[in-house]
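Observations on chain architecture
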Amino acid sequence: MNILVTGGTGYIGSHTCVELLNSNHSVVIVDNLINSKIETIDKIQEITGKDVVFYEKDVTNKESVDEIFSNHKFDGIIHFAGLKAVGESVSKPLDYYFNNLVSTMVLSKACIKYGVNKFVFSSSATVYGDNKVPFIETMELLKTTNPYGETKAMSERILTDTSLANSEFSVALLRYFNPVGAHESGLIGESPNGIPNNLMPFVSKVAKGELKKLSIFGDDYNTVDGTGVRDYIHVVDLAIGHVSAIEKLNSGVNVYNLGTGKGTSVLEIVNAFKEVNKIDIPYEIVERRPGDIASCYADANKAKKELNWEAKKDINEMVRDSWRFEKNYNI
Ligand code: NAD
Ligand code: UD1
């Protein structure tokens, strides 16, 4: 297949491009580089030994999107492009609603216009809100706690309605749990700007000595050791999940959790990082972070049954690969 990947120089997008190319698909990337670097294109090509076409364009711009769709014949699109910082979405809601919703609408319209009938969308487990774990696709979605989460819930509805009105237009709504880790080459990975908000990049910066210690947000949750529990998934497993989703896409709207189905606590992550990488991670327990929930993990059976996909890499591989990339990056 010839696949358009929006946000393809970003963290999850770059790993997915590698797996698409490894599965003999061809890839056209569009990214405005607001949260990624052009060098990632070379790294994708270096890892796979294959070429990609790259457009530095904004996918909220209808003319730019039109130009790309008229230059190529796509079999499908994977739409990663979006803004994703939860805290920033609270202070800049309009930027988030504009970027994340307009991009989804402009791209859907282009798909209908040019007859591109497979649309894979990056959603998030955040759409489940504070539901009972494990989260399963059939659950009623609860209110999200921030504009970022709302853009994911709204994009899911936009794509669902578009598919209902256009029977040829098939959609996969992929709800990611907590992507971590990096490609084993150490060439691509997650490189957030400034001080990271998410756990694994923060732990990696502490390991590197760039940050003094980790603050663990609460140890009084009703979990195995009182710290928050999440379903961490290796980004390469997640990337392979996208290849399965686009290759096996059924007609209509298809919702899939992409997680491992296993919860891991903050302390378990810290201990695995220390043991596998033989490096100390100083930490202190602080207040809970507002908006956090105690536990979030997937029921991952639907993707296994319908897409024949399941996550294979364990926590030890996640912390090993996160650290390898962190050491290689910026040196
Ligand atoms: P990322 O920031 O690394 O990648 C997103 C890419 O999109 C970046 O390269 C950015 O430059 C690009 N982009 C943003 N707006 C654009 C626009 N208007 N036009 C063109 N390019 C644009 O983020 P990521 O972690 O790879 O996430 C990819 C997608 O998955 C996002 O939609 C995100 O919300 C979603 N998601 C991420 C996580 C996570 O924990 N990383 C979890 C759930 C869902
Ligand atoms: C966060 C977002 C969520 C988004 C997801 C993407 C919030 C409130 N939620 O989820 O909307 O979809 O990222 O990956 O930001 N922790 C610490 N110390 C830290 C950082 C995190 O103890 O410095 C703890 C958190 O309390 C949580 C766990 O580590 O229990 C994971 O946190 P994080 O990596 O930020 O992910 P989520 O909170 O699951």
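Counting of residues starts from 1 at the beginning of each chain's written sequence and follows it residue by residue. Working convention: letters from A go to chains and numbers from 1 go to ligands, in the order in which they are written. Local features in a predicted model are, by the rule used here, given only for residues with pLDDT of at least 70; side-chain atom pairs are given and counted only at 80 or more, and totals for whole chains, interfaces and linings are based on all residues. To obtain the side-chain values, all non-hydrogen atoms of the structure were included, while hydrogens and water were left out.

A few points about the site of ligand 2
The criterion, for reference: Proximity criterion: a residue is near a molecule or strand once any of its heavy atoms comes within 4 Å of it. N or O atoms closer than or at 3.5 Å make up a polar contact, with two conditions inside protein: a donor-capable atom paired with an acceptor-capable one, and, for residues adjacent in sequence, both atoms drawn from side chains. Accessible surface area values rest on a Shrake-Rupley calculation with a 1.4 Å probe, where residue burial reflects the displayed protein chains alone.
As a matter of local geometry, ligand 2 sits amid 18 residues, with Leu 199, Ser 215, Arg 230, Arg 289 and Asp 292 nearest to it. Here an oxygen atom of ligand 2 and a side-chain polar atom of Asn 178 are 2.9 Å apart. Contacts to ligand 2 include Arg 230, whose side-chain N or O atom sits 2.6 Å from an oxygen atom. Here ligand 2 loses 86% of its free accessible area of 740 Å² to cover by the protein chains.

What to know about helix H7 (residues 199-208)
An α-helix turns once per 3.6 residues; consequently, residues spaced three or four apart project the same way. For clarity, the threshold we go by: Relative accessible area decides the class of each residue, using a 1.4 Å probe on protein chains only: under 20% of the type maximum gives buried, over 50% gives exposed, and in between gives partly exposed. Comment: elements are numbered from the N terminus, with helices defined as DSSP H or I runs of at least four residues and strands as E runs of at least two. Contact definition: two residues touch when any of their heavy atoms are within 4.5 Å.
The element H7 is largely enclosed, with a buried count of nine among its 10 residues. For H7, every residue scored as buried is listed here: Leu 199, Met 200, Pro 201, Phe 202, Val 203, Ser 204, Lys 205, Val 206 and Ala 207. Contacts made by the buried residues of H7 are with strand S7 (178-180), strand S8 (214-217), strand S10 (232-234), helix H9 (266-277) and helix H11 (315-328). Positive backbone phi, at 90°, marks Gly 209, one or two positions downstream of H7.

A look at the environment of Thr 227
Of note, Thr 227 is situated in the loop between S8 and strand S9 (229-230). Along the primary structure Thr 227 and Arg 288 are separated by 61 residues, whereas in three dimensions their C-alpha atoms are 9.3 Å apart. Leaving out residues up to four positions away in the same chain, Thr 227 has contacts with Ile 216, Gly 218, Asp 219, Tyr 221, Ser 265, Val 266 and Leu 267. A polar side-chain atom of Thr 227 sits 3.2 Å from the main-chain amide nitrogen of Val 266.

Some points on the site of ligand 1
If you check the shell around ligand 1, you find 27 residues, and the closest are Ile 12, Asp 31, Asn 35, Ser 36 and Asn 99. A distance of 2.6 Å is found between an oxygen atom of ligand 1 and a side-chain nitrogen or oxygen belonging to Asp 31. At a separation of 2.9 Å, an oxygen atom of ligand 1 approaches a polar backbone atom of Phe 80. Compared with its free state, where it exposes 810 Å², ligand 1 has 95% of that area covered by protein. Residue assignment for the shell around ligand 1 shows that the elements contributing at least two residues are helix H1 (11-22), strand S5 (118-124) and helix H6 (147-165). Top contributing element to the shell around ligand 1 by residue count: S5, with three residues.

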